[in-house]
Amino acid sequence: MTQTQIKKLGSPSSSFQHNMDAPLPIIRKRRLRQNAGFRSMVRENTLSASDFILPMFVEENVSERAAISSLPGVYRESEQSLGNIVKDAAATGLKSIMLFGVSHNKDESGADSLHSKGLFARMIDRAKQASPETLVVADLCFCEYTDHGHCGPLTKHGDVDNDATLENLMRQAVVAAEAGADMVAPSGMMDGMVAAIREGLDQSGFEHVPIMSYATKFASCFYGPFRDAAGCGLGKGNRKTYQMDPANAREAIEEAMQDEMEGADILMVKPGMPYLDILANIRQETNLPLAIYQVSGEYAMIKSAAEKGLLDETDAMMESLLAFKRAGADIILSYFSLDAIKQIKDGYLENV
Ligand SMILES: [Zn+2]
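Note that the structure is a prediction, hence the values are computed from the model and not measured.

Asks: It is not clear to me how the overall build of the protein should be interpreted in this structure. Could you clarify?
Replies: Looking only at helices and strands, one finds twelve helices and ten strands in the protein. Overall size of the protein, expressed as C-alpha extent along the three principal axes, is 85 × 40 × 40 Å. Buried positions account for 52% of the 352 residues belonging to the protein. Accessible surface, the protein: about 16500 Å² in total, of which carbon and sulfur atoms supply 50%. Across the protein, the 35 positively charged side chains and the 48 negatively charged ones have centroids separated by 10 Å.

In structure tokens:
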């Protein structure tokens, strides 16, 4: 408000009765909030079906899909059920899925995921065959396939061997691409993983396959329900020697910039809701597309609060997803993907 405007409002000759200390507001932000029409007209961020990637679990050697009790509405698909589920999801508007294997063939290094006939390759192939237009993203890591549950082979001291894991990741990326993966997404937080995978893919004729790096993945307790779902709890130890300290923000920018330099096409932040500042910070530093992963614990919290009648599930879901867009995300990985797409189609955003 200009000085003249304030004076005019506050002057005794004004037709309004009020004093100098409390001028009437000329700027009223409420004008554009008065109804759903104005609100949707000036809304700065929105959601669309193409924003979403649905994470899915696939278990081998089971005859039927099974509900995951810690994640209501999420299933471990069987290899038989996967195809139809992916096809149905595509029919509702979902454009992309990310696959996680629930392995029954685990060993010290996760070797099953390096075989063209292993679960890792089979589930990619199965999804792609069922719905060729769906973008199938392969999560690249070994924790679902190692008997100790860590993200790569261990050194004799029991820590993950970074450089041995890089060699395996190069091979795993090629197995994924050969099976038909449209994009690979390394999630193990190994130093140099993006460069190694880029080299592995390029040497094998897959220079067109993009890398979405889990560039800043924090050592978070919010992954709890996922560990149940994917059956990859740790035998011993923790992931704090490779995943990031939740207290660190500057280091997250370093991690993200490192992956950009190594050739990442998309940078991810994981988890989502407790790390919006990290996403917003990285948005300031790069022009690459950014993804955020609303993890199992976040999903379970909203589900559980809604079940108890503490929150409206749809409102909480949509608010959390819009917050990701506001903080700078282009892409959202969420177990809510199908529910969100349904709400978007039903006009939720035009009516709030
Ligand atoms: Zn892992």
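Asks: How should the coordination of the zinc ion be read in this particular structure?
Replies: Octahedral six-donor coordination of a metal ideally yields angles of 90 or 180 degrees, compared with 109.5 degrees for tetrahedral four-donor coordination. Bound to the zinc ion on the protein side are C141 (SG), C143 (SG) and C151 (SG), at distances that span 2.2 to 2.3 Å. Mapping the donors of the zinc ion onto the primary sequence gives the spacing C-x1-C-x7-C. C143 matches C141 in its accessibility class, with the two residues each being buried.

Asks: When you look at the pairing of strand β5 (residues 135-140) in this model, what are you seeing that I'm missing?
Replies: Regular strands place their side chains on alternate faces of the sheet. Where burial is concerned, most of β5 is hidden: five out of the six residues are buried. Assessed by its sense of winding, the connection that carries the chain from β5 through helix α5 (residues 162-179) to strand β6 (residues 183-186) is right-handed.

Asks: Which parts of the structure should I look at to understand the nonpolar core?
Replies: It is characteristic of soluble globular proteins that their nonpolar side chains tend to be buried jointly. One finds F57, M98, L99 and M212 to be the most contacted residues of the largest nonpolar core, which totals 109 residues. If you tally residues by element for this core, the top one is α5, at eight residues. If sequence neighbours within four positions are ignored, F57 has contacts with I68, L71, V74, Y75, R76, E77, F100, V102, F226, A229, A230 and Y335.

Asks: Would you mind going over the pattern of salt bridges with me for this structure?
Replies: Using the criterion set out here, one finds eleven salt bridges in the structure. Close ionic contact of R122 with E60 constitutes a salt bridge, the shortest N to O distance being 2.9 Å. On the criterion of sequence distance, the pair formed by R122 in helix α4 (residues 119-130) and E60 in the loop between β1 (52-59) and β2 (66-67) is long-range, its members being 62 residues apart. Look at R122 and you get partly exposed, because its relative accessible area is 28%. Judged by relative accessible area, E60 falls into the buried class, the value being 1%.

Asks: Can you help me understand unusual backbone geometry in this one?
Replies: What you tend to see is this: most non-glycine residues have negative phi, and most peptide bonds are trans. Each neighbour pair has its own omega, and for K270 with P271 the value is -5°, a cis peptide bond. Residue placement: P271 occurs in the loop between β8 (266-270) and α9 (276-285). The phi angle at N61 is positive, at roughly 60°, despite the residue not being glycine. Considering the arrangement of structural elements, one finds N61 in the loop between β1 and β2.

Asks: Please explain the packing of α9 against helix α11 (residues 313-327) as it appears in this structure.
Replies: Angle between the axes and distance between the axes are the two parameters that describe a pair of packed helices. In contact at an axis separation of 8 Å, α9 and α11 are set at 30° when each is read in the N-to-C sense. Classed by the angle they form, the pair α9 and α11 counts as roughly parallel. Taken together, the residues of α11 that come into contact with α9 (itself represented by L276, L279, A280 and R283) are A323, F324, R326 and A327. Here the residues of the contact of α9 with α11 sort into six nonpolar, no polar and two charged.

Criteria and thresholds
Residues numbered from 1 in each chain as written. Predicted model: local features only at pLDDT ≥ 70, side-chain atom pairs only at ≥ 80, totals over all residues. Heavy atoms only, no water. Helix = DSSP H or I, 4+ residues; strand = E, 2+ residues; numbered from the N terminus. Buried < 20%, exposed > 50% of the residue type's maximum accessible area, 1.4 Å probe, protein only. Areas by Shrake-Rupley, 256 points an atom, 1.4 Å probe, with all protein chains shown as cover. Lys, Arg positive; Asp, Glu negative; His and termini not counted. Charge placed at Lys NZ, Arg CZ, Asp CG, Glu CD. Donors = N, O, S within 2.8 Å, 3.2 Å for Na, K, Ca; no water. Right-handed = clockwise from strand over helix to strand, strands pointing away. Core = buried A, V, L, I, M, F, W, Y, C linked by side-chain atoms within 4.5 Å. Contact = heavy atoms within 4.5 Å. Salt bridge = Lys/Arg side-chain N within 4 Å of Asp/Glu carboxyl O. Axes fitted to C-alpha atoms, helices over the stretch in contact; angles between N-to-C directions. Parallel < 35°, antiparallel > 145°, perpendicular 65-115°, else oblique. Nonpolar A, V, L, I, M, F, W, Y, C, P; charged D, E, K, R; others polar.

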